[in-house]
Amino acid sequence: MSRRSRAAATAGFSLLEVAVVAALVGVVLALALTGWRGYSAQQRLRYGTAQVATDLRQAQERAKAERVVYTVTFVASSPNYTIARSGGGFLENATLPEGVTSTASVTVTFSAFGRPDAAHTITVQSSAGTGVVTVTELGGISYQ
């Protein structure tokens, strides 16, 4: 047998080597997928919390601009909430991102001057944790 034919016969990967590499690739992909799911859930929670704060500010600004009462109503364990103008004319059905829900039923009412009826805390939750939106008695809106 020539030197060239012996080298050709021993070239390549064994079945065991291919199986080990495939197993390692599988483990790395599983770890990456787990991390990605956690990251995605955290981002959806952050976006949902910011969305609630923004919609509350929008309702407050609409109340001031139109000199009419606006309400924002959250339903416990639901991703849906409504923004409504008193007397009709405006109704928005909003939805939180997938996997994010409100923890309690809360209704925030803004007067015609943009003042809330009371201080409120709206808590949203997902598999990544909770986010909190606070409405102060004077109308300040913040989130974390």
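Sequence positions are assigned chain by chain, starting from 1 and proceeding in written order. Confidence filtering applies because this is a predicted model: local features only for residues at pLDDT of at least 70, side-chain atom pairs given and counted only at 80 or more, and all residues used for totals across whole chains, interfaces and linings. Values shown for side chains rest on all heavy atoms present in the structure; no hydrogens or waters enter the calculation.

Chemist: Any chance you could break down the packing of aromatic side chains for me, citing the residues and the numbers?
Modeler: Classification of ring pairs rests on two measures: the distance between centres of Phe, Tyr or Trp rings, Trp counted by its six-membered ring, which must be within 6.5 Å, and the angle between planes, read as stacked under 30 degrees, edge-to-face over 60 and tilted in between. With the rule as written, the count across this model stands at three aromatic pairs. Ring centres of F74 and Y81 lie 4.8 Å apart, and the angle between their planes is 25 degrees; this geometry places the pair in the stacked category. Buried means the residue's accessible area, taken with a 1.4 Å probe over protein chains only, is under 20% of the maximum for its type, while exposed means over 50%, and partly exposed covers the values in between. Among the residues examined, F74 registers a relative accessible area of 2% and is labelled buried. Assessed through its relative accessible area of 2%, Y81 is described here as buried. The ring of F90 has R62 lying over it, and the distance from NZ or CZ to the ring centre is 4.0 Å. Charge-over-ring placement is defined geometrically: NZ (Lys) or CZ (Arg) within 6 Å of the ring centre, and within 35 degrees of the ring normal.

Chemist: Tell me what's going on with the environment of H120, and back it up with residues and numbers.
Modeler: Elements are defined by DSSP. Helices are runs of H or I of four residues or more, strands are runs of E of two residues or more, and each kind is numbered from the N terminus. Along the chain, H120 falls in strand 6 (residues 120-126). A relative accessible area of 12% places H120 in the buried class. For the pair formed by H120 and L56, sequence separation is 64 residues and the distance between their alpha carbons is 11 Å. Residues are treated as being in contact if the distance between any of their heavy atoms lies within 4.5 Å. Look past the residues within four positions of H120 in its chain and what remains in contact with it is V106, T107, V108, V133, T134 and V135. Definition of a polar contact: a pair of N or O atoms within 3.5 Å, with one able to donate and the other able to accept a hydrogen when the atoms are protein atoms, and with sequence-neighbouring residues admitted only if both atoms are side-chain atoms. Among the polar contacts listed, one links the side chain of H120 to the backbone oxygen of A118, at a separation of 3.4 Å.

Chemist: Please provide a residue-by-residue account of the nonpolar core, values included.
Modeler: Among soluble globular proteins, nonpolar side chains are generally buried collectively. In terms of nonpolar packing, the biggest core is built from 24 residues, with V52, L56, V72, F74, F110 and I122 touching the most fellow members. Here this core takes six residues from helix 2 (residues 15-66), the largest share from any one element. The contacts of I122, once residues within four sequence positions are left out, are V52, L56, F74, V106, V108, G131, V132, V133 and V135. Residues enter a nonpolar core if they are buried and are Ala, Val, Leu, Ile, Met, Phe, Trp, Tyr or Cys, with the set joined through side-chain atoms within 4.5 Å.

So far we have only geometry, and geometry alone does not tell us how the molecule works.
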